[in-house]
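Results of the structural survey
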Amino acid sequence: MMTAPFAALLLTAFAPPVDTPVIFPADFHGRWDLSVEACQRDESGTALTVTDRQIIGYEDTSTLKSARFLDGGSLHVFVENQSSDGDREIQMVIWRSSDGGEWLNIEGDARPQAVRYARCAG
C-alpha cells in the first residue's frame, strides 16, 4: 500500500511544470505553401512558417494560446491573430497528412474549408 506522502511525491515528480509553454509539435515546424511550385517562389503571398509558438503568414501572425490533441493526431488550437485587419482570437484544427506527413491541413474560423499546405524544402 502506498502512503499519501509518497503518492504526492510521485505526482509532483512527474507533473509538468505549471509554466510549461504551449508549443506546436516539432513535426509541424517549417515553411509550408499551397503547392510545391509555390514553395519555390521567394515571395509567396500564401506561404506559412510554423515555429514553436507562431504561424507566420504573409500579412499576419498567429500566436498559440492553447492546444489540445484530438483523435488521429490532429491538434485543436486557439491562437491570437494579429493582422492589419485587427487582432482576434481564432480556433483551428491542424493535422498532418497520413501519406508521410508532407502536407499540413488547417481548418477553422478563418478557413471554414480545410486548406492543404505542402512542406517546402529547406
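This structure is a prediction, so every number in the text was calculated from the model and none was measured. In this convention, every chain numbers its residues from 1, walking through the sequence in written order. Totals for whole chains, interfaces and linings use every residue, but because this is a predicted model, local features are given only for residues with pLDDT of at least 70 and side-chain atom pairs only at 80 or more, for both listing and counting. Based on all heavy atoms of the structure, the side-chain values leave hydrogens and waters out of the count.

1. What to know about the sheet that holds strand E7 (residues 103-108)
- Here a strand pair is declared whenever DSSP counts at least two bridges between the two strands. Helix and strand labels come from DSSP, where a helix needs a run of H or I of at least four residues and a strand needs a run of E of at least two; each type is numbered from the N terminus. Pairing in this closed barrel of eight strands is antiparallel, and the strands run E1-E2-E3-E4-E5-E6-E7-E8 around the ring. Strand-to-strand twist in this sheet, taken as the mean axis angle between neighbours without regard to direction, amounts to 35°.
- Looking at chain direction, strand E4 (residues 60-69) and strand E5 (residues 75-83) are connected through nine bridges and run antiparallel. For Phe 69, the partnering residue across the bridge sits in E5 and is Leu 75. All axes here are fitted lines through C-alpha atoms, helices being fitted over the stretch that makes contact, and every angle between N-to-C directions spans 0 to 180 degrees.

2. Let's talk about the nonpolar core
- Phe 24, Val 77, Met 92, Ile 94 and Leu 104 are the most contacted members of the largest nonpolar core, which has 16 residues in total.
- When residues of this core are traced back to their parent elements, those giving at least two are strand E2 (48-50), E5, strand E6 (86-96) and E7.
- Those residues in contact with Leu 104 that sit more than four places away from it in its chain are Phe 28, Trp 32, Val 50, Ile 94, Trp 95, Arg 96, Val 115, Arg 116 and Tyr 117. The nonpolar core is taken to be a set of buried Ala, Val, Leu, Ile, Met, Phe, Trp, Tyr and Cys residues, with the residues joined through side-chain atoms within 4.5 Å. Accessible area is worked out with a 1.4 Å probe on protein chains only. A residue is then buried under 20% of its type maximum, exposed over 50%, and partly exposed in between. Note on definitions: a residue-residue contact is assigned when non-hydrogen atoms from the two residues lie within 4.5 Å.

3. Here's the deal with the side chain of Ser 62
- By the secondary structure assignment, Ser 62 is in strand E4.
- One polar contact links Ser 62 to Asn 81, side chain to side chain, over a distance of 2.8 Å.
- Not counting residues up to four positions away in its chain, the partners in contact with Ser 62 are Arg 53, Gln 54, Ile 55, Val 79, Glu 80 and Asn 81. Between N or O atoms, a polar contact is any pair within 3.5 Å; within protein, one atom must be a potential hydrogen donor and the other a potential acceptor, and residues adjacent in sequence are included only when both atoms are from side chains.

4. Thoughts on the side chain of Ser 74
- Residue placement: Ser 74 occurs in the loop between E4 and E5.
- In this structure Ser 74 touches Arg 68, Phe 69, Val 93, Ile 94 and Trp 95, once residues within four positions along its chain are discounted.

5. Digging into the pattern of salt bridges
- Put simply, a salt bridge is a Lys or Arg side-chain nitrogen that is within 4 Å of an Asp or Glu carboxyl oxygen. Scanning the entire structure with this criterion turns up one salt bridge.
- In this structure, Asp 27 engages Arg 96 in a salt bridge whose closest nitrogen and oxygen atoms are separated by 3.4 Å. A residue pair is termed long-range when its members are at least 10 positions apart, and Asp 27 in the loop between helix H1 (4-14) and strand E1 (30-33) and Arg 96 in strand E6 qualify at 69 residues.

6. Observations concerning the confidence of the model for the chain
- Chain-level statistics for the chain give a pLDDT mean of 83 and a share of 82% at 70 or above.
- Scored from 0 to 100, pLDDT records how confident the predictor is in each individual residue. Throughout residues 1-18 the model reports pLDDT below 50, and contacts reaching past four residues in sequence, or to other chains, amount to two contacts.

7. Quick notes on the state of the cysteines
- Only a pair of cysteine sulfur atoms within 2.5 Å qualifies as a disulfide here. Counted according to the given criterion, the structure contains one disulfide.
- A disulfide bridge connects Cys 39 with Cys 120, and the sulfur atoms are separated by 2.0 Å. On the S-S bond that ties Cys 39 to Cys 120, the torsion sits near -75°, and the link is left-handed. Of the two residues, Cys 39 is situated in helix H2 (residues 36-39) and Cys 120 in the segment after strand E8 (115-119); the sequence distance between them amounts to 81 residues.
- The class for Cys 39 is buried, based on a relative accessible area of 12%.

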